[in-house]
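# Observations on the three-dimensional arrangement
The residues making up each chain are set out below.
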Amino acid sequence: MNHDHSAHAPVQGFGADRAPHYDAQAAVNLAGYQAAYELGVSALAAALDGQEKAALLHVGLGTGAELLPYQRFDVPGWRFTGVEPSGPMLEVARKRLEAEGLLERTHLHEGELRTLPPGPPFDGAQLMGVLHHVDGASARVELLREVTRRLKPGAPLVLGCRVGKDPELTNVELRRLRAYGVTQEKLEARRQAYAKMQPIESDAALFAMFERAGLVAPKTLFVSLQYKVFLAHVGP
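Read on for a plain summary of the structure. All values reported here derive from a predicted model rather than from experimental measurement.

### Observations regarding the sheet that holds strand β5 (residues 156–162)
- Overall, mixed pairing links the seven strands, which are arranged β3-β2-β1-β4-β5-β7-β6 in an open sheet. Each end of this open sheet is capped by a strand with a single partner; those strands are β3 (106–110) and β6 (215–224). Across the sheet, the mean angle from the axis of one strand to that of its neighbour is 15°, orientation sign disregarded.
- With five bridges connecting them, strand β2 (residues 78–84) and β3 associate as parallel partners. Within β3, the residue paired with phenylalanine 80 across the bridge is threonine 106.
- Packing of helix α3 (residues 87–99) onto the sheet brings it into contact with β2 and β3, and relative to β3 it is tilted by some 165°.

Printed below as a string of structure tokens:
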């Protein structure tokens, strides 16, 4: 998600040419792709355990894959709002959630989070694979603040993003992709893209952003090389 796009502008890298293949590509690109989603849902379900009804906000919903684990958690009274700026990705999500029986309790909103109309505060939220696509620390903090503004005090937030830029870990990542049949040309393009990427510098830098956005007590849920998933809560 690029934080500067207007609500319905094409989202670079997440258009109709990529959306149908996104999940298959993600499963290769990120070791433990499904586990990251399952643990995110596990954390939200644990934090809200016993609530018969809950409203969850999923920012950067993509193809909707991150909602599928909820089926295993016996929370039929929970409702979801999925925010996604890419129309093609959202169309994949709509079809998938309909096929899985989740669409009837999911509201899909095309656009950035700031375009979502105000409403009752959410019980929890997830922001998976979004923050490292936002340019600059101030814009990243503002997105986190926009999320916390829409949550109840004490509500859980699950956030997954790339952290750090370690050449040795990048080599590990690229060597794994080579084993999955990614061509040398594509590997070189990936290396150049990583060189230009500006991920969050460190856990400490991310936690400082959390603090500025009113999020407290971050805990690590999942690590796959330089992709990490954390659980935090909105401060009282």
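Still more to cover.
### Observations concerning the packing of aromatic side chains
- In total, this model carries five aromatic pairs according to the counting rule given.
- Where tyrosine 70 meets phenylalanine 80, the ring centres are 4.4 Å apart and the plane angle is 35°; that geometry is what we call tilted. In this pair, tyrosine 70 is assigned in the loop between β1 (54–59) and β2 and phenylalanine 80 in strand β2, connecting sequence segments 10 residues apart.
- Judged by relative accessible area, phenylalanine 80 falls into the buried class, the value being 3%.
- An aromatic cluster is present here, built from Tyr70, Trp78 and Phe80 joined pairwise through their rings.

Each value, and the rule that gives it
Once a new chain begins, its residue numbering starts again from 1 and follows that chain's sequence as written. This being a predicted model, a pLDDT of at least 70 is required before a residue's local features are given, and a value of 80 or more before pairs of side-chain atoms are given or counted; all residues contribute to the totals for chains, interfaces and linings. Excluding hydrogens and water, the side-chain figures rest on all heavy atoms present in the structure. In short, DSSP must find at least two bridges between two strands for them to pair. Only DSSP runs of H or I with at least four residues qualify as helices, and only runs of E with at least two residues qualify as strands; both kinds are numbered from the N terminus onward. Throughout, an axis means a line fitted to C-alpha atoms (over the contacting stretch in the case of helices), and angles, computed between N-to-C directions, take values from 0 to 180 degrees. In what follows, a contact means two residues having at least one pair of non-hydrogen atoms within 4.5 Å. Note on aromatic pairs: the rings of Phe, Tyr and Trp (six-membered ring only in Trp) are paired at centre separations within 6.5 Å, and the planes decide the class, stacked below 30 degrees, edge-to-face beyond 60, tilted for the rest. Categorising residues by exposure relies on relative accessible area from a 1.4 Å probe, with only protein chains included: less than 20% of the type maximum marks a residue as buried, more than 50% marks it as exposed, and the intermediate range marks it as partly exposed.

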